[in-house]
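Examining the three-dimensional arrangement
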Amino acid sequence: MFSLYTDAATQPQTGLSAGGILIIHDHQQTQLKQLLTATNNHAAEFEIARLGFLKLAALVGPACATTTVLFYTDSQIVNDSLTKHYAKHYQSLVDDLLAAQAPFQLVLTQWVPEKQNQGAHTLANQALHSAEDAK
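It should be emphasised that the depicted structure is a prediction, and the values quoted were computed from it without experimental measurement.

What follows is about helix H4 (residues 118-134). The first and last C-alpha atoms of H4 sit 24 Å apart over 17 residues, in line with the 24 Å expected at 1.5 Å per residue. Those residues of H4 not exposed but buried are Ala120, His121, Leu123, Ala124, Ala127, Leu128 and Ala131. Projection of H4 onto a plane perpendicular to its axis shows the buried side chains occupying an angular sector of 165°, all on one side. Each element contacted by the buried residues of H4 is listed here: strand S1 (2-11), strand S2 (16-25) and strand S3 (28-36).

What follows covers unusual backbone geometry. Although it is not a glycine, Asp26 adopts a positive phi angle of roughly 50°. In this structure, Asp26 sits in the loop between S2 and S3. For Asp26, a relative accessible area of 59% corresponds to the exposed category. Of note in the backbone geometry, His85 takes a positive phi value of approximately 60° without being a glycine. With respect to the secondary-structure elements, His85 resides in the loop between helix H2 (76-84) and helix H3 (91-101).

With respect to the secondary-structure elements, Ser17 resides in strand S2. Reaching out from Ser17, the side chain makes a polar contact with the side chain of Thr10 at a distance of 2.8 Å. Within the structure, Ser17 has its side chain in polar contact with the backbone oxygen of Ala38 (distance 2.9 Å). Beyond its immediate sequence surroundings of up to four residues, Ser17 is in contact with Ala9, Thr10, Leu35, Leu36, Ala38, Thr39, Asn40, Ala44 and Leu128.

The next thing to look at is the environment of Ser17. A relative accessible area of 1% places Ser17 in the buried class. In this structure the C-alpha to C-alpha distance between Ser17 and Ser3, which are 14 residues apart in sequence, comes to 23 Å.

Reading guide: rules and limits
- Residues numbered from 1 in each chain as written.
- Predicted model: local features only at pLDDT ≥ 70, side-chain atom pairs only at ≥ 80, totals over all residues.
- Heavy atoms only, no water.
- Helix = DSSP H or I, 4+ residues; strand = E, 2+ residues; numbered from the N terminus.
- Expected span 1.5 Å × (residues − 1).
- Buried < 20%, exposed > 50% of the residue type's maximum accessible area, 1.4 Å probe, protein only.
- Arc of directions from axis to C-beta.
- Contact = heavy atoms within 4.5 Å.
- Polar contact = N/O pair within 3.5 Å; in protein donor to acceptor, adjacent residues only side chain to side chain.

In structure tokens:
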């Protein structure tokens with residue numbers, strides 16, 4: 001079983017977005033930071049979640065078919081959209097995220113408050129600040 005935590009951070013004035021991915025398996029952590037193409041926070045949350053599943057699939061390889069993923073997000077729209085398989089303004093992003101989850105045997109999505117998603121949150125903010133400093 002793998003635990004996957006994702007979070008996005010967006011600077012509204014510049015439209016810069018970045019994300020953090022935290023993968024935990026057998027008490028080992030994989031921490032990833034990523035600049036994103038999204039220019040608003042909702043789209044960024046979907047984008048980093050999709051990237052998180054793609055990175056996890058690359059890490060797990062063919063064993064995805066027998067792997068359970070506990071996916072944690074502090075984004076209410078991502079959580080609700082995955083439950084309904086629908087989002088009025090973000091349907092293509094929902095579809096992309098569901099496709100990234102498809103290789104796994106089971107994905108259990110859990111909304112968590114931001115304070116319980118600090119690992120991914122910190123990674124997202126670090127990536128965003130690095131991008132802002134580079135400008």
